[in-house]
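Survey of secondary and tertiary structure
Spelled out from the first residue to the last, the chains are:
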Amino acid sequence: MRILIADDDYVSRTKLKSILGQYGRCDTVPNGESAFSMFEKSHEEGIPYDLISMDILMPDPGQGQDAIKNIRDWEKKHTIENPSKILVVSQLKDCENILSSFDEGCAWYLIKPVSPEDIQEALKKLGVIE
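Residues numbered from 1 in each chain as written. Predicted model: local features only at pLDDT ≥ 70, side-chain atom pairs only at ≥ 80, totals over all residues. Heavy atoms only, no water.

1. Some points on the side chain of serine 84
- Of note, serine 84 is situated in the loop between helix 3 (64–77) and strand 4 (85–90).
- Only 2.6 Å separates the side chain of serine 84 from the backbone oxygen of tyrosine 49, close enough to count as a polar contact.
- Apart from the residues within four sequence positions on either side, serine 84 is in contact with Phe39, Tyr49, Asp50, Ile52, Arg72 and Glu75. (Helix = DSSP H or I, 4+ residues; strand = E, 2+ residues; numbered from the N terminus. Polar contact = N/O pair within 3.5 Å; in protein donor to acceptor, adjacent residues only side chain to side chain. Contact = heavy atoms within 4.5 Å.)

Below you can see the structure in the form of structure tokens.
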């Protein structure tokens, strides 16, 4: 499985890479704009990301929700049959941000801090592992 992790916090990126690295090859980026660029590049290379872990509270450019919207719009425009699964991992736990993330196209939402068990359960619910 190919995984992209977008989080502005170095410690969070490192922790997520350690956990998600058990399930596949991970690339990391510090913001939403870089995440979208890497997403596009992965399609150009013919090896798109199966899973994208996205923080939504990142400094501009490219907040996480904007990146999710851009990814979903790109997939629709290019009629992608198997869109990437997007897992939001954020410290924001208010209903507005959670619902907005789902509206933009995330498939699952976890609230930081996350454990390896939280990630494993989310990956099972997303259908990327058994």
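2. Examining the packing of aromatic side chains
- Tallied over the entire structure, the rule returns two aromatic pairs.
- Between the aromatic rings of phenylalanine 36 and phenylalanine 39, the centroid separation amounts to 6.2 Å while the plane-to-plane angle is 25°, which identifies the pairing as stacked. Separated by three residues within a single helix, phenylalanine 36 and phenylalanine 39 lie in helix 2 (residues 32–44), roughly one turn from each other. Summarising the burial analysis for this pair, phenylalanine 36 and phenylalanine 39 share the class buried.
- Ring centres of phenylalanine 39 and tryptophan 74 lie 5.2 Å apart, and the angle between their planes is 85°; this geometry places the pair in the edge-to-face category. Remark: tryptophan 74 occurs in helix 3 and phenylalanine 39 occurs in helix 2; sequence separation between them is 35 residues.
- What makes phenylalanine 39 buried here is its relative accessible area of 0%. (Phe/Tyr/Trp six-rings, centres within 6.5 Å; stacked < 30°, edge-to-face > 60°. Buried < 20%, exposed > 50% of the residue type's maximum accessible area, 1.4 Å probe, protein only.)

3. A word on the side chain of aspartate 7
- Along the chain, aspartate 7 falls in the loop between strand 1 (2–6) and helix 1 (10–20).
- For aspartate 7, the side chain forms a polar contact with the main-chain nitrogen of aspartate 9, separated by 2.9 Å.
- With residues near it in sequence (within four places) discarded, aspartate 7 still touches Ser12, Arg13, Leu16, Val29, Pro30, Asp55, Met58, Val89 and Lys112.

4. Brief notes about the sheet that holds strand 1
- Taken together, the five strands give an open sheet; going across it, the order is 2-1-3-4-5, and neighbouring strands pair in parallel fashion. At either margin of the open sheet sits one strand with a lone partner, and together these are strand 2 (25–29) and strand 5 (108–111). Mean inter-strand twist for the sheet, computed between neighbouring axes without regard to direction, equals 20°.
- Inspection of the sheet shows strand 1 paired to strand 3 (residues 51–54) by four bridges, in the parallel sense. When the bridges of strand 3 are listed, leucine 4 appears paired with isoleucine 52.
- Helix-sheet contacts for helix 5 (residues 116–126) involve strand 3, strand 4 and strand 5, and the interaxial angle to strand 5 is about 170°. (Pairing = 2+ DSSP bridges. Axes fitted to C-alpha atoms, helices over the stretch in contact; angles between N-to-C directions.)

5. Looking at the pattern of salt bridges
- For the structure on display, the rule yields nine salt bridges.
- A salt bridge links aspartate 55 to lysine 112; the nearest nitrogen and oxygen atoms lie 3.5 Å apart. Here the residue aspartate 55 occupies a position in the loop between strand 3 and helix 3, and lysine 112 occupies one in the loop between strand 5 and helix 5, the gap between them amounting to 57 residues.
- Aspartate 55 gets classed as buried once you look at its relative accessible area, which sits at 3%.
- One salt bridge connects glutamate 121 with lysine 125, and the closest N-O pair in it is separated by 3.3 Å. Remark: lysine 125 and glutamate 121 occur in helix 5; sequence separation between them is four residues, near one turn of the helix.
- Linked through salt bridges whose partners overlap, the residues forming this network are Arg2, Arg25, Asp27, Lys41 and Glu45. (Salt bridge = Lys/Arg side-chain N within 4 Å of Asp/Glu carboxyl O.)

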